[in-house]
Amino acid sequence: MNWLKSAAKLTPQRPWVHAAIVFLGFLVFYTLFFAPGMLGDRVLAFDDGIGYFLPAYYAPKTLWTDLIFGGYPVAADPQNMTWYPVARLLSWIPGSWNAFFVLAYVLAASFAYCYAYTLTASPLASVVAGLVYSLSGFMMSHMSVMGMIHAAAWVPLLLCALERLRHRLQRLWLLIGIIAFVCCFLGGHPQISVYGIGLGGFYALFLGWNAPVGRWNYYRYAFGLMAIGLGICAIQLIPAAELSSLSLRSELTPDAFFAGSLPPWQALQYIFPWLFGSDIALPPYKLSYWGKGAGILDIPTYVGLLPLTLAAVGISTNHRRGVWRFWLGVAAISFVLIFGINCPLAKWIYHVPIYNAFRVPARHSMELALAVSVLASFGVAAIQRQTVSRVVFRRIIGVSLLAMLGILSLLVVNAPQFQLEASQVGIPALTFWPWENAAVGVPLIIFMTGLVALAAWARWSRSIGYSLLFLVVLTIDMASFGGWFYDLATVSPRAAQLVPNAIAQKYQKSLAQSQQRLLVERGVFAFFGLYAPTVDNVIFPNLTRLWKIPVANGYSPLMLSRVSRLMQAEATGMFGRQSIVDADRGLDLMSVQYLLGQPKGLLTVPPKGISWSEQNLQLLIGAVKGYTFPKSVPIDLSGIADQTTAIAFVTTLGNSIATPNNAAVMNIEVVDDQDNVETHHLLAGRDTSEQAYDCSDVQPLMKHRRAVIFQRGMIDRNGIGSCAHYTYKSIIQLDKPRTLKQLRLQWNNLPGHIIVEKISLLNRQSNTALPVMQTNQMTTNKTSKWREIDRFPGGVMYENRQVLPRTWVVPQVIQLSPEALLQTIRTSRLPNGAVYQPETIALVEAIKGLDTLNTPAAVDWTGQAKLLTMSDTQVEVQTETTAPALLILSDVNYPGWQAWVDGKSTPIVQTNYVQRGVPVPAGKHIVRFEFHPFSFRLGSGITILSLLGASCWLIQRPRRSPPMLNLKVESRSL
C-alpha cells in the first residue's frame, strides 16, 4: 500500500515520479499474479501464444520467410508484430518473452490508470480503473493472443492524450497520442486496433464539440494526431492490405463475421460467467460448455460484479458530464454488439467497411471492459469526495440486490429450457441451486462480499485499511473469472522444451540437405490439447521457424487463398484428406518430402467426455443435389489400436426430412484382426439427425427426433437467411473388446446423405481413445507414394516417393484456366485425358512470352537446375538446358518478387497455380530472385514522410490556448 499512499501525495507538478510509482506497482502486482506460470523456468506461452506469437516474437525480422506455407510475406502480416516497437526492442534480449507477456498487462493497467486519473484526480479511483480493465474477461481470456492484449493496452493512453488535448494543446500530449496510436495499430492484432482507434475517433468527435480549447482547434489536433499516426503505420498498413486481398480473409462471409453470436438469454453470463459451462472445466466448475456461441474463452463478457455497482454510483453522480454520457453509450452499444447476429446493430455494422473485415463481434467486450472501468472510477471518486448522498448510495445497494434477485428469478424461470439445452449436448442433469452449482454459488458469494466491502469502505473511505480491503475484494472479484482460465503452472512449457528436440534436429538436417519441406498433418494442433501435453517430441508450425525447419503448411489467418486451395489446407495448417492421395500432385509440387502424421499411441479420455480429432474426416456417403457419392466407405485400421470396446461418431444428415424416427441410416461393419465381423446400425433420431433441424423450412416437416448435439454452427439457406446447423455425437458399444482391422460404413439407400465428421476408437477398460485421422488410412505398400520411415512418441513420419525438387526445369508449358489448372494437379489428368507429369510439363494461366518453349518430343532435350544460394529474400539458381525451358522454383509467387537471368531483368510467370516460373534460354545460366515489394517501398516512404511531418508539427511554436483546468477542482465539480 506504500506506493498508493505515495501516489496520493503527488501533484500534477511531479507527473513522471507519479507515473513511475504506478508502473512499478502494477509491475509487482502482475509479476506475482503470473508467477505460477514462470516458476521452474517456464514460458508463458500456450495455444496461439506458442503456435503463433512466440515464434513471431523471436524469429528474425524479415520481409519474407520460406519456412512456412512454402513462402510467406511475414512482415505484411500484422500479427507478426514486425514493426511493433515494444516487441522489436525486447526481442533482442534472450529469454525476454515472459517480460513481454507481463508488460502487456502492466501497460494496460497503467494506461487505464492514467486516463482515469486525468478525469478524477483520484489515485484510488484510477487503481480501480486499471485493475478492472486489465483483469477483465476480455484481457484474461485472450492471454494466449498477445497481439490482442498489446493492442488493447494502448487504447486508454490514446484516450488520455485526447482528453488532455481537450483542455490544453500541449506538444507533449500530442506526441504521446501519436505514440499510443502507432503502438496500438502495430501491437499485433488489427481487429482490436481498429476497435480501439475507432473508439478514439468517436471520443474526439463526441467530446470535442465543447472542448475548452475551442472546437476546431481541438479537432485539428485530434484528427491531425490520427492522420499522422496512420501515416506512420503505412509501413504495416499497405503491405497488410495487399496480403489481405490475396488471403483467406479477402472477403468475410456472414457466418464468419457473426461467429460466436450469443442468444439474448445467454446475457446471464455477464453475471454468472461459468453458468453455461466451459471447455476447460476447471474446479470448481466441472460442466462442459453447453451454451451457444464458440465458448467461454472466445466470448468473455465478465467485467466484475463490484465494478458494475461502482459504475451505477458513478452514473448517479455525473448527470451533466459529457464523458459520462459517452462511456454509458459505449457500454450500452458494446453490450448489445456481443449478441452478434441476434442484434440488429451488429447486422448493420456488417455493411460498414473495415469493421466488417473482422469476425466475432463479441470482441467488442474490450470497449465494454474499458467503459465499465471508467464508470467505476467515477463511482470511487464520488464516494471519496462524498458527492453521493447516503440515501442515493443505499438506493443503489438496494437496487443491486433487487437486480440480483431478478436475475436469479430469470434463472429459475428459464431452468427447464436450460436443462433441455444442456441435455442436447450430453449433460443429463443440471441444477441451479447455489449450494449444488458453483457457477451460481461462487458469483453470489462474491457479489455479497463485494457489497459488504463497498459499504464498509464507503463508511470509512479515508481509512487505508478499509481501502486496502476494498481493493483485495475487487481483485478477487475480477480474478474469480479471468484468473482461473488456465493452470499456468501446468500449461506453460519449460524454456528447454522450446529448443529443437532430437527428432526436430534429425529432420532439420535432412531437409537442409535435400532443400525440401515437411508437412505436419495436424498443423498447429500438433501441440494443442490432449495430443501433446508437452512439446518434448512434437514438431509443429510456426515454432518450426525458430528451428529452421521449412514446412509447407503454417499458421496464420492471412494464409494465401491459392496456397490454401492447392493443398486443401486451413489457416491453422490442417490440410484436406484428399491432398494425400497418390493422384494429387499438389504436395509433390510443394516439395513435401516428409509428412508428420498423428501419434499412434492412445489418448486419455476425459472423465465425462471423448477425445476427438480436431480435424474432420468429411466422409460424405449417399447423394446430394444430383451428385452421387460412395455408398460404402472402408476405413483401414490395421495396426492402429490394440483393443477397442466402443466406437464414437460425430455425424450429421442432409436432405433427410422424410427419414422416419429410428430408421437405420447407416450400417457399420466392424472387422477385427481375426476377420470376425460385427454389424451395428446408426439410427435417425437416436444417433444422428438432420443438420438443418431447426431451420424454419425444415423443422415443421421433420419425421425423426433430434439426437444429442455435438456442435452448433450457422448456415445461410436461400430464402430464409441464416439458421442453426448441427452435428451429432453417438457411441456404438461393441459386443466384446476387439483389435480392429477395418470399418465399413454403408449408406442404407435412403433419400439424402450422411456426413461422418469424426470417429474415435474407445477402450473403456483403460479409459483411452484414438481419434481416426486421415493418415490412419495411409497405406504403406509398394504402390503408394507415402512410405512410413519413422515412429516416435510425437507421431509417425512418412516419406513422399514422388516429391519434386525445390527447383527444376521443364521443356513444355500448357495454358489453362485457374480452375482447370487446379483440377489437373488434383487428378493428374489434363483436360484432354492425358497424364499430367509435372516433371516435364508446367501449367500456366498466360502463355504470352513463352512461345519459344514446347520443345518437340522428337528433340533429345535435357536440362537441370541447381539451387546455389537461398536466403529469406534472395534465391540464386543455376540452369543448364539443351533447349529453351521454363525454370520452376517450388516457392510461392507473390507480388514483389523479381527475377534476373544473367543480370537481365525477366518477368516471373505464375506457374502451377502458386509457384514462380522463369523462361531461360538454352545453355548455362544464372537466375536470381529478389524480393522488393512495391507495397513495402510505398508504405515505408509514407512512414518516413509522416515522421518528418510529425517532427515539424511538434517543433513549431504552438498557438496560445486556455490553460489546462485544475483537475482536482474539475473532478470535485462532478
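Everything numeric here is computed off the predicted structure, so don't read it as measured data. Throughout, a residue's number is its position along its own chain's written sequence, starting from 1. Where totals are concerned, whole chains, interfaces and linings use all residues; where local detail is concerned, this predicted model gives features only for residues with pLDDT of at least 70, and gives and counts side-chain atom pairs only at 80 or more. Values reported for side chains reflect all heavy atoms of the structure, with hydrogen atoms and water molecules removed beforehand.

Regarding the sheet that holds strand 15 (residues 786-792)
Taken together, 4 strands build an open sheet; the order of strands is 1-2-16-15 and the sheet is mixed. Edge positions in the sheet fall to strand 1 (517-520) and strand 15, since each has one partner strand and no second. Here the average twist between neighbouring strands, direction ignored, is 25 degrees. Strands pair, by our definition, only if DSSP identifies at least two bridges between them. Secondary structure elements follow DSSP: runs of H or I no shorter than four residues count as helices, runs of E no shorter than two count as strands, and numbering proceeds from the N terminus. Judged from the 4 bridges that link them, strand 2 (residues 592-597) and strand 16 (residues 795-800) form a sheet pairing that is antiparallel. Its bridge partner lying in strand 16, L595 is registered against Y798. Pairs of residues are marked as contacts when any of their non-hydrogen atoms sit within 4.5 Å. In this analysis, axes come from line fits to C-alpha atoms, helices being fitted only over the stretch in contact, and the angle between any two N-to-C directions falls in the range 0 to 180 degrees. Together, strand 1, strand 2, strand 15 and strand 16 form the strand contacts of helix 24 (residues 502-514), whose direction differs from that of strand 2 by roughly 160 degrees.

Comments concerning the environment of V920
Tracing the chain through its elements places V920 in strand 26 (residues 915-920). Once you skip the residues sitting within four places of it in the chain, V920 turns out to touch T879, P884, A885, L887, V901 and V927.

Examining a nonpolar patch on the surface
On the surface, a nonpolar cluster with roughly 380 Å² of combined accessible area is contributed by L89, W92 and I93. Structurally, L89 is set in helix 4 (residues 85-90). Overall, the relative accessible area of 52% leaves L89 in the exposed class. Each patch is built from salt-bridge-free residues with over 30% relative accessible area, joining like charges within 9 Å and nonpolar side chains (Val, Leu, Ile, Met, Phe, Trp, Tyr) within 5 Å. Areas reported here follow the Shrake-Rupley algorithm with a probe of radius 1.4 Å; residue values treat only the protein chains shown as occluding. A pair is scored as a salt bridge if a Lys or Arg side-chain nitrogen falls within 4 Å of a carboxyl oxygen belonging to Asp or Glu. Relative accessibility decides the category of a residue: with a 1.4 Å probe and only protein chains considered, values under 20% of the type maximum give buried, values over 50% give exposed, and everything between is partly exposed.

Details of the pairing of strand 26
Of all 6 residues making up strand 26, 6 are buried, and the element is well covered by its neighbours. Relative to strand 26, strand 22 (residues 885-892) is paired through 6 bridges, and the arrangement is antiparallel. Paired with L886 across the two strands is P919, which belongs to strand 26. Inspection of the sheet shows strand 25 (residues 909-911) paired to strand 26 by 3 bridges, in the antiparallel sense. Considered in strand 26, the bridge of V909 is made with G917. Once strand 25 ends, the chain turns through 3 residues before running back antiparallel as strand 26, passing N912 with a positive phi of about 50 degrees.

Section: unusual backbone geometry
For the peptide bond that leads from P541 to N542, omega is 0 degrees, which places it in the cis range. Residue position: N542 is located in the loop between strand 1 and helix 25 (544-547). Located in the positive-phi region is D675, a residue other than glycine, with phi close to 65 degrees. Examined against the element boundaries, D675 turns out to sit in the loop between strand 8 (664-672) and strand 9 (677-683). Positive phi outside glycine occurs at N912, with the angle close to 50 degrees. Within the fold, N912 resides in the loop between strand 25 and strand 26.

Quick word on the side chain of D477
Within the fold, D477 resides in helix 22 (residues 464-482). Here the positive residues are Lys and Arg and the negative ones are Asp and Glu; neither His nor the chain ends is included. One buried charged residue, D477, remains without a salt bridge, the closest side chain of opposite sign being R385 at 21 Å. Nitrogen and oxygen atoms within 3.5 Å of one another constitute a polar contact, given that in protein one can donate a hydrogen and the other can accept it, and given that sequence-neighbouring residues count only through two side-chain atoms. At 2.5 Å, the side chain of D477 forms a polar contact with the side chain of Y302. Leave out the neighbours within four places in its chain, and D477 touches Y302, G304, L305, L306, P307 and I446.

Remarks on the pairing of strand 23 (residues 897-901)
Residues W897, A899 and V901 point to one face of strand 23 and are all buried, whereas Q898 and W900, pointing to the other face, are not buried. Looking at chain direction, strand 23 and strand 24 (residues 904-906) are connected through 3 bridges and run antiparallel. Bridging across to strand 24, W900 finds its partner in S905. Taken together, strand 23 and the strand that follows it, strand 24, pair antiparallel across an intervening segment of 2 residues, in which D902 is found at a positive phi of about 55 degrees.

Let's talk about the confidence of the model for the protein chain
Every residue carries a pLDDT, the predictor's confidence in it, which falls somewhere between 0 and 100. For the protein chain, per-residue confidence averages 85 on the pLDDT scale, and 88% of positions sit at 70 or higher. In this model, residues 529-535 is a region of pLDDT below 50 whose contacts with residues beyond four sequence positions or in other chains number 21 contacts. In the predicted structure, residues 963-974 sits below a pLDDT of 50 and forms 22 contacts with residues beyond four places in sequence or in another chain.

Thoughts on the nonpolar core
One recurring pattern in soluble globular proteins is that nonpolar side chains are buried together. In this text, buried Ala, Val, Leu, Ile, Met, Phe, Trp, Tyr and Cys residues form a nonpolar core when linked through side-chain atoms within 4.5 Å. If you look at the biggest cluster of nonpolar residues, it comprises 272 residues, and the most contacted ones within it are W97, Y105, W154 and W327. At 18 residues, helix 5 (residues 97-120) tops the list of elements feeding residues into this core. The contacts of Y105, once residues within four sequence positions are left out, are Y30, F34, S134, M139, M140, H142, M143, M146 and I149. Judged by nonpolar contacts, the second largest core, of 26 residues, contains I647, M666, V670 and A684.

Digging into the sheet that holds strand 21 (residues 874-881)
With antiparallel pairing, 5 strands are arranged side by side in an open sheet as 20-21-27-23-24. Looking at strand neighbours, the two that pair on one side only are strand 20 (863-870) and strand 24, the edges of this open sheet. The sheet shows a mean angle of 25 degrees between the axes of neighbouring strands, direction not considered. Across 8 bridges, strand 21 lies against strand 27 (residues 923-931) in antiparallel orientation. Following the sheet pairing, T881 is matched in strand 27 by G923.

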